[in-house]
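# Coordinate inspection notes
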Amino acid sequence: MAESSIHTAHASSPAPISRRERKKGRTRADIYAAAMTLFLKRGFDSVTIDDICRSADVARATFFLHFPAKEALLVEYGERANEELAAAIVEYRGSATATLRMALRMLAERAARHREVVRMVVREVIARPRLLSGQDERTADLVHLLSGVIRRGQASGEFRKRLEPTVAALTICAAWFALIYTWTRHDGKIDIEAAVAETLDIVLNGLNDKKSKRG
């Protein structure tokens, strides 16, 4: 992204959200919050759509206006994380390198805050292969966000221009999801924020000691 377009993106204000859209957003958030509370308390399989509707105080028809099925709630975490990250990237004024660090740190901090939800979502998505398509869409969204940052870094001279931004973003995302999976397997006992920082350092700087001569 060219420097001028970055400034334009920062300068332009988002279109105002209507009262109807705000209400829809609150209803969707209420359904999601009610579902996550029930899933964590009773387990995903033991909770019905009717249970979620009663807890969120919405009709079944309202539920289906927002989510096509109960399983769709499991990929909502990723969608919400991506939306928050996209907004943060637009507002962030640092270099491309600093933006990537901010983005991965933000994801790690969010996962740490929602530890039990993340562990439950990862466990259930792995157990339900048909949900992977929805998860793939969230991954594609994240790849798109990060590849945009990488293109900006290439334009500014921070990153090598011959690299394909999408491949570089996929590498970062693959490392991120591998860490989340390992973190989940170890019951959240790994310091995910430190692990993410180290992983990104490897991606940005490689394994070679900069003091050593390259062969």
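The preceding data block contains the structure.
I will try to describe carefully the structure that is included in this document. (Residues numbered from 1 in each chain as written. Predicted model: local features only at pLDDT ≥ 70, side-chain atom pairs only at ≥ 80, totals over all residues. Heavy atoms only, no water.)

### Considerations on the overall build of the protein
Note the following rule: In DSSP terms, a helix is any run of H or I states spanning at least four residues, a strand is any run of E spanning at least two, and both are numbered starting from the N terminus. Residues count as neighbours in contact if any of their non-hydrogen atoms are within 4.5 Å of one another. Computed by Shrake-Rupley with a 1.4 Å probe, the accessible areas treat only the displayed protein chains as cover when residues are assessed.
Within the protein, the secondary structure is distributed over 10 helices and zero strands. The contacts of the protein with a sequence gap of at least 6 include a subset with a gap of at least 24, amounting to 67%. For the protein, the exposed surface amounts to about 12,800 Å²; the carbon and sulfur share of it is 55%.

### Here we look at the side chain of serine 147
Inclusion rule: Only protein chains enter the accessibility calculation, which uses a 1.4 Å probe. A residue is then buried if its area is under 20% of the maximum for its type, exposed if over 50%, and partly exposed in between. Pairing of N or O atoms within 3.5 Å defines a polar contact, subject to two protein rules: one partner must be a possible hydrogen donor and the other a possible acceptor, and residues neighboring in sequence count only if both atoms are side-chain atoms.
By the secondary structure assignment, serine 147 is in helix H8 (residues 132–156). The buried category is assigned to serine 147, whose relative accessible area is 3%. Here histidine 144 takes part through its backbone oxygen, which lies 3.0 Å from a polar atom of the side chain of serine 147. For serine 147, the contacting residues outside a window of four places in its chain are Pro165, Thr166 and Ala169.

### Comments concerning the packing of aromatic side chains
Our working definition: Pairing of aromatic rings covers Phe, Tyr and Trp, the last counted by its six-membered ring, and requires centre-to-centre distances within 6.5 Å; plane angles under 30 degrees mean stacked, over 60 mean edge-to-face, and any other angle means tilted. Here, a charge over a ring means that NZ of Lys or CZ of Arg falls within 6 Å of the ring centre while also lying within 35 degrees of the ring normal.
Within this structure, the stated rule accounts for three aromatic pairs. Residues phenylalanine 63 and phenylalanine 64 carry aromatic rings whose centres are separated by 5.3 Å and whose planes lie at 85° to one another, so their mutual orientation is edge-to-face. Judged by its relative accessible area of 38%, phenylalanine 64 is partly exposed. Overall, phenylalanine 63 belongs to the buried group, its relative accessible area being 0%. Pairwise contacts between aromatic rings join Phe63, Phe64 and Phe67 into one cluster. Its guanidinium or amino end placed over the ring of phenylalanine 67, arginine 28 lies 4.3 Å from that ring's centre, counting from NZ or CZ. One cation-aromatic arrangement involves arginine 110 over tyrosine 77; the distance from NZ or CZ to the ring centre is 4.5 Å.

### A few points about the layout of surface pockets
The test is simple: A pocket here means an open set of points on a 1 Å grid, computed over the protein atoms alone, that has protein on both sides within 12 Å along at least five of seven lines. A cavity is instead a set of points where a 1.4 Å probe fits but cannot get out; residues with an atom within 4 Å of a point line either one. Grid points are joined across faces, edges and corners, and a volume is the space filled by probe spheres set on the points. Under the grouping applied here, Gly and all other residues not named as nonpolar or charged are polar, the nonpolar ones being Ala, Val, Leu, Ile, Met, Phe, Trp, Tyr, Cys and Pro and the charged ones Asp, Glu, Lys and Arg.
For the largest pocket, the calculated volume is near 490 Å³. Taken together, 22 residues line the largest pocket, and the ones lying closest to its centre are Val122, Gln135, Trp176, Phe177 and Ile180. Elements with a minimum of two residues in the lining of the largest pocket: helix H5 (76–91), helix H6 (96–113), helix H7 (115–127), H8 and helix H9 (165–185). The leading source of residues in the lining of the largest pocket is H8, at six residues. In the lining of the largest pocket, the residues fall into 16 nonpolar, four polar and two charged.

### Quick look at the side chain of arginine 119
Tracing the chain through its elements places arginine 119 in helix H7. Residue arginine 119 is classed as buried on the basis of its relative accessible area of 16%. Ignoring any residue separated from it by four or fewer positions in sequence, one finds arginine 119 in contact with Thr184, Asp187 and Gly188.

The values are spatial; any link to function lies outside them.
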